[in-house]
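Chain residues, written in single-letter form:
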Amino acid sequence: AERRLLVLFGSQTGTAQDTAERIGREAKRRHLRCRVQALDSCDVANLIHEPLVVFVCATTGQGDPPDNMKMFWRFLFRKSLPAGSLCQLDYAVLGLGDSSYPKFNFVAKKLHKRLLQLGGSPLLPVALGDDQHDLGPDAVVDPWLVALWDKILALYPLPPGLEIISPNVCLPPRYTLHYLPEDSPQPDRELLQPAAPQAAPCELQPFCAPVVSNQRVTAASHFQDVRLIEFDIAGSGITFSAGDVVMVQPQNCPEDVQQFCQLLCLEPHRRFVLEPTEPGTSLPPLLPQPCTIQYLVTHYLDISCVPRRSFFELLANFSTSELEREKLQELSSAQGQEELYSYCNRPRRTTLEVMWDFPHTTCSIPADYLLDLIPRIRPRAFSIASSMLAHPERMQILVAVVQYRTRLSKPRRGLCSTWLASLNPQQGDVRVPLWVKKGGMKFPADPATPVIMIGPGTGVAPFRAAIQERVALGRGGNCLFFGCRHKSKDFYCQTEWEELVTKGLLTLFTAFSRDQEEKVYVQHRIRENGRLVWELLSSGNAHVYLAG
């Protein structure tokens, strides 16, 4: 039989993808032909021709499938699929979840059951990785993979004369990087900035929205920097309603990009093209071809993320220093996971900082391996804080700039919020790549239904959109509980709320936790106004919304 394996993943934050790629590497070491892809980018109808598939699935929210497997999910649960349609399929399901949520690993459990119904044969019981475990999901994943390879090699033994490729041997990179001669003609800068797309913008074709304003809405003396940022979306084809979410594709700061290039002895302005090592591997969709090193490091490589175990495993292969190699091997071993956690995860040490700690290894990283070593920058989600009915052709978001300290001397900064806060539209044309996703909050269609909104801090963002929308449609019955620390420092949109209260369009309850001796929070105000809340719920049939 042909020794081939398909690894399919549904991943929201990148962990399931990282695990799927790990399985892909282990398959190659066992001389199996292996493809690794997102569930939504594979043709589900072809599953009937696949002999062997491993599914790696995360669960998000309240037991929901990740975005890149939603279409697959809908197809798989069609009533019309015949019971034995997957009878030739050997499969295994690996779930990644968090047991502090009630629907722990719901997607993996449900997928396993459905594949069984359709006639598939499970090689192993479903694996339920748990983020809450001291060692994270690997506590379950490691032993499960050992059992999986035993099963697979029993079905598809190694061809005579071939051995499993040792972990000390470096597998070829996914792509090779071909530098173009320094004097080759340069494309126009405009090519990298696509014109407004014909269809609605999406992750693969975001809209580069001009920043109209970037205003700090907390007092200068307040510890937290919060911004109200406005984008111009005229001509983008973007539409949204209250409760929707905007996805923003951030970029690395110039200092980090410069440091990274220096550490790896890369020339920022060199241009290159990528070539897949194996036929059938597609190119990274968001990278222009040809591309500069500067663009790759600024817009694509996530050099400020906390590196995963697979990073250390691959890095160890390049080490020219015995001492550094031993340390890297230890951090990537099953026994070294406690230490990896306290070195990386607890202090939130970034990929760039780890590279500083292993200078001999870092300067010998071949450029070909950059895309195997460092994941791409993930988009960030923000609740839209305005309504198109109140601000046509505009979109606003409320952003708390993430900054905190760990035991490391340098404060930790959120990649996206720090970048957004730094954008100054007064200094020329500043643009942000973005697109819109349907949110989980739906506001009532019946104008008579009252709405109780509880939004402390920046959690008030989606409710600002909802209140603007409802007021524009002439709907009353808007009740907002807002909480922050001080009335004078972080009472977002104060004048806007007060005007609506004066006009009788909003009932507002505020809790300023630090403005008096004892702390007062939104739940205290809800309890104090229990009679009104009960009245709205029992006879008004009110809907209740909560955002943190």
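It should be emphasised that the depicted structure is a prediction, and the values quoted were computed from it without experimental measurement. Each chain carries its own residue numbering, running from 1 in the direction its sequence is written. Given that this is a predicted model, residues contribute local features only at a pLDDT of at least 70 and side-chain atom pairs are listed and counted only at 80 or more, while totals for whole chains, interfaces and linings are drawn from all residues. Excluded from the side-chain calculations are hydrogens and water; all other atoms, namely the structure's heavy atoms, are used.

With that settled, consider the environment of Ser 409. Strands here are runs of E lasting at least two residues and helices are runs of H or I lasting at least four, both read from the DSSP assignment and numbered beginning at the N terminus. Relative to the assigned elements, Ser 409 resides in the loop between β15 (403-404) and β16 (412-413). Counting along the chain gives 223 residues from Ser 409 to Gln 186, while the straight-line C-alpha distance between them is 42 Å.

Let's shift gears to the domain arrangement of the chain. Domain limits in this description derive from either an automatic procedure or a database domain assignment. Domain parsing of the chain yields domain 1 (4-155), domain 2 (261-373) and domain 3 (451-546). A C-alpha centroid distance of 47 Å is found between domain 2 and domain 3.

A separate point is the side chain of Arg 475. Within the secondary structure layout, Arg 475 lies in the loop between α14 (461-472) and β19 (478-484). The criterion used for residue contact is that any of the two residues' heavy atoms lie within 4.5 Å. Setting aside chain neighbours within four positions, we find Arg 475 in contact with Pro 444, Ala 445, Pro 447 and Arg 470.

Once that is clear, we can look at the pairing of strand β10 (residues 245-248). Side-chain direction in a regular strand flips from residue to residue, so the side chains alternate between the two faces of the sheet. Partly exposed describes any residue whose relative accessible area lies between the buried limit of under 20% and the exposed limit of over 50%, with all areas from a 1.4 Å probe on protein chains only and scaled to the type maximum. Neither face of β10 is exposed, since Val 245 and Met 247 on one face and Val 246 and Val 248 on the opposite face are all buried. One ladder, built from four bridges, connects β10 with strand β13 (residues 380-383); its direction is antiparallel. Within β13, the residue paired with Val 248 across the bridge is Arg 380. Here the rule is simple: two strands pair whenever DSSP picks up at least two bridges between them. Here β10 runs beside strand β17 (residues 431-437); their pairing, made up of four bridges, is antiparallel. Counted as the bridge partner of Val 245 is Lys 437 from β17.

The next point concerns the pairing of strand β20 (residues 507-512). Where β19 lies against β20, six bridges are found, and the strand directions are parallel. In the strand pairing of β20, Gly 483 is matched with Ala 511. Here a crossover is taken to be right-handed if, once the strands point away from the viewer, the path from the first strand over the helix to the second is traced clockwise. In this fold, β19 hands off to helix α15 (residues 494-502), which returns the chain to β20; that crossover is right-handed.

Moving on, we get to helix α6 (residues 293-300). Of all eight residues in α6, six are buried, a share of seventy percent or more. By the burial criterion, the buried members of α6 are Ile 293, Tyr 295, Leu 296, Val 297, Thr 298 and Tyr 300. The secondary structure elements touched by the buried residues of α6 are β7 (175-179), α5 (254-263), β11 (271-276), β12 (291-292) and α12 (370-373).

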